[in-house]
Amino acid sequence: KKENNQRKHVSTRSNQNAVTSLPRGGIHVNTSIGAIQFGMPPETIKDVLNLGLDKPRMYVVPKERFNLSVGISVAEIEFPTFYNFFILGKAVTLIAYEQARQDLEIVLQEALNGPQNEHLYSNTDQEYRDCTPEKRASCPDHEKELDYFAVEQELINYVFFDEKRYAYLKDGDGKQVIIFDNEDEFCFEVFDHQAYLEGIAKETAASSQSNLADLDLTYESDPLQDFIMARAGGLDYCFQRIEYSEVESCRDILGDDEEDLSSMDELMDDSDYENDSDSNYHRSQLMATKSLKKSKQKDVFTIPKFGLTVLGNSHGFDPTSSTTGFVVWINGKGVMVDPPPHSSTVLLEHGIQPKSITAIILTHCHADHDAGTFQKMIRDDKVDLMTSATVFESFTRKYSAVSGLSRTFIQQLVNFRPMFLEEPNYWNGAQFRFFYSLHSIPCVGFEVCYDGKSIVYSGDTFYDRGPLLQLKEQGVLSEARANSLINFPWHCDVVLHEAGVPPIHTPIKAFLELDEVNRRNIHLIHIGGAEADKAKKEGFRIAQPGVENSLILRPPTEKNGNMMRLLQIISTMEIFEHFSISKALELVLMAIPKRYKPGDIIKSEKEKIEKFSIISSGTAFAVAELYERPLSDGDYFGELLFLEDPSLHDDHLDEYIIADTFVETIELDKYALKNLMLEDDTLQEKMLRIINARIDGSWQAIQANSILSQLGVAQKTLLQSMVEIKKLKKGEIVKMEITDENGNVEDRAWQYGNPVSFAVIVGQGQLIFDEVHGNDKDETIDEDDMELLQTGMLLYDYFKYNRNKDKEQEKILLNNNADQWKLTTTLRAHTDDTVVFVIDAVRFEKFIHRIPHLLLGIFKSPVVLF
């Protein structure tokens, strides 16, 4: 909270200050040769415009160009470059390491002029499969269209850090700024010739002199000024240290609701009731009060049968509004279209869980459309990504360059569903028709129909009947292509059409030329500022962002609606995912629905467990002495009902469940669930694993890990159901019984030379790698030694396992390279009573590939994940 307060203060400093931390991330610095910005998260140009700062033409590209914790690029060069070139008529200067140049140019290529010709698939079977000959004739000639829009001028100049990590910037008047990348202390140091930098705290000369020894500088500290002067060759330089950490690089500005944060702090703070003899009762009352207060602040959104929620309605240069993106709701699930960054935060404020969004549509690869797409891919459960082959491949090339991840790895983070052009595509019961719009790079729009209603989205496009006919005459468009663009489906119930500056966007005058019948359903989007005001004066509606402004075409229905929603929830629950349709239907028919208000106690701490409950909508909290966990759609409780030893119940009677919002559950008594478990060995095994996990301490171990703790409750429960507990004495090697595909069981040890067979989560005690500490049982190791493996650490050699898997699949004997796929460490307990949780590698691989941000975390931190 203190950091948030400071952040808000610093980000609104006056333009006369030299250093400004920007709200979305990055740091703006005024110098004698102009403004320099360190780091570039998406929409960063809007911060500069809103704060009235000098518009930077020089940008420092950080060595780490992707912020993993937030899921956002911090080297988004597109819109700073586009703003300077297309609006100010100037090129930008990027200060970077030379090895980054190729990646930066790939990003700009895909965003400015689109894919190279060999990567365009128009009029091929990869994009047009079974459409009619007439529709096939309307496909674009991408090469001609991209050539028409192509920008040939140079938009970027480069200044590279040298081998000593210095970059030298000069202007026409001979003024010079030197930037030193002090990577050892996670900061940049700026030396400005004949300029005084004002602002945040300054370093002493003594602490920084060694960094600049190569420049042959001497230092003088002026007691009358709050700065340090450096002298070299008779020139004065002012020295300023720019702290640039992961926090500074990018911020989730939508998550900075100070009131909500303080409420959660109070909610989880034990100080109000730690001296009370019945603390759980008082805690439940406090939680109920907070829940009621929260429920009055924001209504919980009920997902419609068919509808639309706009998340942002403007473009990348509008400082007052978010970039364009929205959700189409179909049959209780959502597909996000070009989600703006941090969209999940907005939806969560209205009780919409990320798991309600199971697909993304990506229209094209400009940063104001794809930045939030990549974030959604890696922050939440794996989703379907729906777009054309051309756009998807452009996206993977671009974000491979942005993130440093291989294209193959990025493809693993999402379920790509290629959308075939001009023919029916289906998702969750609705029919989609995708088409190519007319834009500077390949861009798709779509029409979606469900239950007699329809929505069409233009995508970014140029629409103007007269100029389109001129493009046909010039040979840029075929006659069929021009006609398909002119004959836009204005008849749809909701027409989301973009507007903006031609020739890559649609001017307002084009809509004024439409018949009144064709204008009546239009909601303009991708428009802001003066253009939006102009459109309103002409009588046009602007698509309004916000859950409260959702357009409902088919409301949720009680009849059959609840049945469909429950079947959808059950199908996503790992314990039931093996169910046939008939068995899932049997579960729903046996279940008893229940409803609770915010603050209601769903299960008290003294209540005997008599039922197994699944949350079908809303959010709640499960609170016990050792943990607190949020619950939402698809989460469940009451599985301890099936403990074979009733005495174990006593240790868990203190868990109680309280409604945070309006909550609906379905409940099964023990006889109903046992009926489902009859002759279902799979369900019995899963349930027993989950029950054992509740009492083995694995929850606390998972919570102690920086990445695993971010998993949802259902994901943590699934992980718990996969673990086996092992108790070790000092010196024992970690082992696990592994069953091969033939049913043979053998002990596998985490030992040098063995294949990777399992993952380990440290539950209690400490472990060591022999290769790091030696294998002397009696050796004493300082407990503060950072090399010790302690509670919460996840140990797994992802790369060795996958090399071994590739070897087996390709049936290649690696001979001299055998160590490429075998363990190079031996893992053993360093303390008595060590507890670890082991997970079979085959199951663990399936698990991590369902959760992109976990897979990415393991990929970035091989072997040991803290």
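Our structure is the block above this text.
Residues numbered from 1 in each chain as written. Predicted model: local features only at pLDDT ≥ 70, side-chain atom pairs only at ≥ 80, totals over all residues. Heavy atoms only, no water.

**Q** Can you break down the overall build of the protein chain residue by residue, with the values?
**A** Secondary structure summary: the protein chain contains 29 helices and 45 strands in total. For the protein chain, the proportion of its 866 residues judged to be buried stands at 56%. Across the protein chain, the fraction of contacts at a sequence separation of at least 24, relative to all contacts at a separation of at least 6, is 69%. Accessible surface computed for the protein chain: about 37600 Å², of which carbon and sulfur atoms make up 48%. (Helix = DSSP H or I, 4+ residues; strand = E, 2+ residues; numbered from the N terminus. Buried < 20%, exposed > 50% of the residue type's maximum accessible area, 1.4 Å probe, protein only. Contact = heavy atoms within 4.5 Å. Areas by Shrake-Rupley, 256 points an atom, 1.4 Å probe, with all protein chains shown as cover.)

**Q** Just give me the short version of the packing of aromatic side chains, but keep the residues and values in it.
**A** Per the counting criterion, the structure on display carries 41 aromatic pairs. Here F38 and F188 contribute two aromatic rings whose centre-to-centre distance is 5.1 Å and whose plane-to-plane angle is 45°, an arrangement assigned as tilted. Here F188 lies in strand β11 (residues 187-193) and F38 lies in strand β3 (residues 34-38), a separation of 150 residues in the sequence. On the basis of relative accessibility, which here comes to 6%, the residue F188 falls in the buried class. An angle of 40° between the planes, with centres 5.4 Å apart, marks the rings of F612 and Y636 as tilted. In this pair, F612 is assigned in strand β31 (residues 611-617) and Y636 in strand β34 (residues 636-637), connecting sequence segments 24 residues apart. Take F612 and Y636: they sit in the same class, and that class is buried. One aromatic cluster is present, built from ring pairs that chain together F79, F82, Y83, F85, F86 and F317. Geometry around Y97 places K63 over its ring, the cationic atom sitting 4.4 Å from the centre. Taking the ring centre of F579 as reference, the NZ or CZ of K583 above it sits at 5.2 Å. (Phe/Tyr/Trp six-rings, centres within 6.5 Å; stacked < 30°, edge-to-face > 60°. Lys NZ or Arg CZ within 6 Å of the ring centre and 35° of its normal.)

**Q** So what about the nonpolar core? Which residues, and what values?
**A** Counting residues in hydrophobic clusters, the biggest one holds 92 residues, and the most contacted among them are M377, F844 and F847. When residues of this core are assigned to their parent elements, the largest contribution, 6 residues, is made by helix α13 (residues 389-403). Non-local contacts of F847, meaning those with residues more than four positions away in its chain, are made with L711, Q715, L718, L719, M722 and L854. I330, F434, Y457 and L553 belong to the second largest nonpolar core, which has 32 residues in total. (Core = buried A, V, L, I, M, F, W, Y, C linked by side-chain atoms within 4.5 Å.)

**Q** Lay out the environment of E64 in plain terms, naming residues and giving numbers.
**A** Mapping E64 onto the fold places it in the loop between β4 (58-60) and β5 (66-67). Classification of E64 by relative accessible area gives exposed; the value is 59%. A sequence separation of 340 residues divides E64 from G404, and the C-alpha atoms of the two residues are 9.0 Å apart.

**Q** So what's going on with the sheet that holds strand β35 (residues 656-659)? Which residues, and what values?
**A** Spatially, β30-β35-β32-β33 is the arrangement adopted by the 4 strands of the open sheet, whose pairing is antiparallel. What marks the edges here is a single partner per strand, and that holds for β30 (601-603) and β33 (628-631). Recorded for the sheet is a direction-independent mean angle of 25° between the axes of neighbouring strands. (Pairing = 2+ DSSP bridges. Axes fitted to C-alpha atoms, helices over the stretch in contact; angles between N-to-C directions.)

**Q** Just give me the short version of the environment of R554, but keep the residues and values in it.
**A** Take R554: it is sitting in strand β28 (residues 551-554). Between the C-alpha atoms of R554 and P304, which are 250 residues apart in sequence, the distance is 6.4 Å. There is a polar contact of 3.0 Å between the side chain of R554 and the backbone oxygen of D451. (Polar contact = N/O pair within 3.5 Å; in protein donor to acceptor, adjacent residues only side chain to side chain.)

**Q** Got a sec to walk through the layout of surface pockets? Specific residues and values, please.
**A** Computed from the structure, the second largest pocket encloses a volume of approximately 730 Å³. In this structure, the second largest pocket is lined by 28 residues; those nearest its centre are F86, F317, V501, I504 and H505. Residue assignment for the lining of the second largest pocket shows that the elements contributing at least two residues are α3 (78-87), α4 (101-112) and α6 (142-149). Partitioning the lining of the second largest pocket into residue classes produces 16 nonpolar, 9 polar and 3 charged. (1 Å grid on protein atoms, 1.4 Å probe; cavity = no way out; pocket = protein on both sides within 12 Å on 5 of 7 lines; lining within 4 Å. Points joined across faces, edges and corners; volume = space filled by probe spheres on them. Nonpolar A, V, L, I, M, F, W, Y, C, P; charged D, E, K, R; others polar.)

**Q** Would you mind going over the packing of α3 against α4 in detail, with residue names and values included?
**A** Orientation of α3 relative to α4, taken along the N-to-C sense of each, is 60°, at an axis distance of 11 Å. The crossing of α3 and α4 is right-handed. Residues E78, T81, F82 and F86 of α3 form the contact with α4, whose own contacting residues are V107, L108, A111 and L112. Here the residues of the contact of α3 with α4 sort into 6 nonpolar, 1 polar and 1 charged. (Left-handed = near helix turned anticlockwise from the far one by under 90°.)

**Q** Describe a negative patch on the surface, and please don't skip the residues or the numbers.
**A** Residues D141, E143, D147 and E152 make up a contiguous surface patch of negative charge. Among the secondary structure elements, E152 is positioned in the loop between α6 and β8 (156-160). (Patch = residues over 30% accessible without salt bridge, like charges linked within 9 Å, V, L, I, M, F, W, Y side chains within 5 Å. Salt bridge = Lys/Arg side-chain N within 4 Å of Asp/Glu carboxyl O. Lys, Arg positive; Asp, Glu negative; His and termini not counted. Charge placed at Lys NZ, Arg CZ, Asp CG, Glu CD.)

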